Amino acid sequence: YIDPLNDQCLADPEKLKYWLPVDWYNGGMEHVTRHLIYSRFWHRFLYDIGVVPTKEPYSKRSAQGMILGANGVKMSKSLGNFRTVREISEQYDLQVLRFFMLSAHYRSPLNFSADLMEASKNGLERIVNAADNLKYLMGAATAREMTCAFPTKKLPQAATLPIKSGMPAASS
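Residues numbered from 1 in each chain as written. Predicted model: local features only at pLDDT ≥ 70, side-chain atom pairs only at ≥ 80, totals over all residues. Heavy atoms only, no water.

1. Quick word on unusual backbone geometry
- Of note, the amide linkage connecting Leu20 to Pro21 takes the cis form, showing an omega dihedral of -5 degrees.
- Tracing the backbone through its elements, the reader meets Pro21 in the loop between helix H1 (13-19) and strand E1 (22-27). (Helix = DSSP H or I, 4+ residues; strand = E, 2+ residues; numbered from the N terminus.)

2. Digging into the pattern of salt bridges
- As enumerated under the stated definition, the model contains 5 salt bridges in all.
- A salt bridge links Glu14 to Lys17; the shortest N-O distance between them is 3.7 Å. Separated by 3 residues within a single helix, Glu14 and Lys17 lie in helix H1, roughly one turn from each other. Residue Glu14 shares its accessibility class with Lys17, and that shared class is exposed.
- A salt bridge links Glu56 to Arg44, with the nearest nitrogen and oxygen atoms 2.8 Å apart. Here Glu56 is found in the loop between helix H2 (29-48) and strand E2 (58-63), whereas its partner Arg44 is found in helix H2, with 12 residues between them in sequence.
- Residue Arg44 is classed as partly exposed on the basis of its relative accessible area of 31%. (Salt bridge = Lys/Arg side-chain N within 4 Å of Asp/Glu carboxyl O. Buried < 20%, exposed > 50% of the residue type's maximum accessible area, 1.4 Å probe, protein only.)

These figures capture arrangement, not role.
Given below as structure tokens:
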């Protein structure tokens with residue numbers, strides 16, 4: 001697509017010099033692999049016959065990773081074992097999904113399961129509860145209470161995240 005309206009040659013050599021190599025190619029794990037095999041094969045051929053000015057089509061390549069479902073099976077549309085964000089949001093607050101995704105190691109496949117989503121929900125609730133307790137302590141404390149080993153006021157029951165309908169409430 002460097003020079004799509006050119007009917008004289010593959011592309012204007014000046015445009016090829018300007019646009020190649022592509023700065024960064026990023027995509028899904030298998031998507032990137034298959035595209036790289038295909039695109040690098042053709043690009044190398046075009047380089048070898050002198051049509052393109054660069055040996056490689058991309059300066060940098062990276063993959064986003066893969067999402068695994070139950071039992072470590074790859075989630076995919078073709079297998080029908082995937083869940084949409086809308087389906088997940090019917091069971092969990094989207095903050096829980098964000099926390100789940102941020103909790104995963106960035107170089108590992110994302111293992112998606114109900115157990116891990118529950119663990120993420122519980123972990124996020126603990127963080128929110130700790131933040132709420134800290135806000136209470138900071139807001140309710142007087143100069144004297146800040147120097148005491150034990151606060152004189154009792155902490156209120158910690159707040160919990162809103163739970164979507166159909167989900168059991170967090171236990172205390």
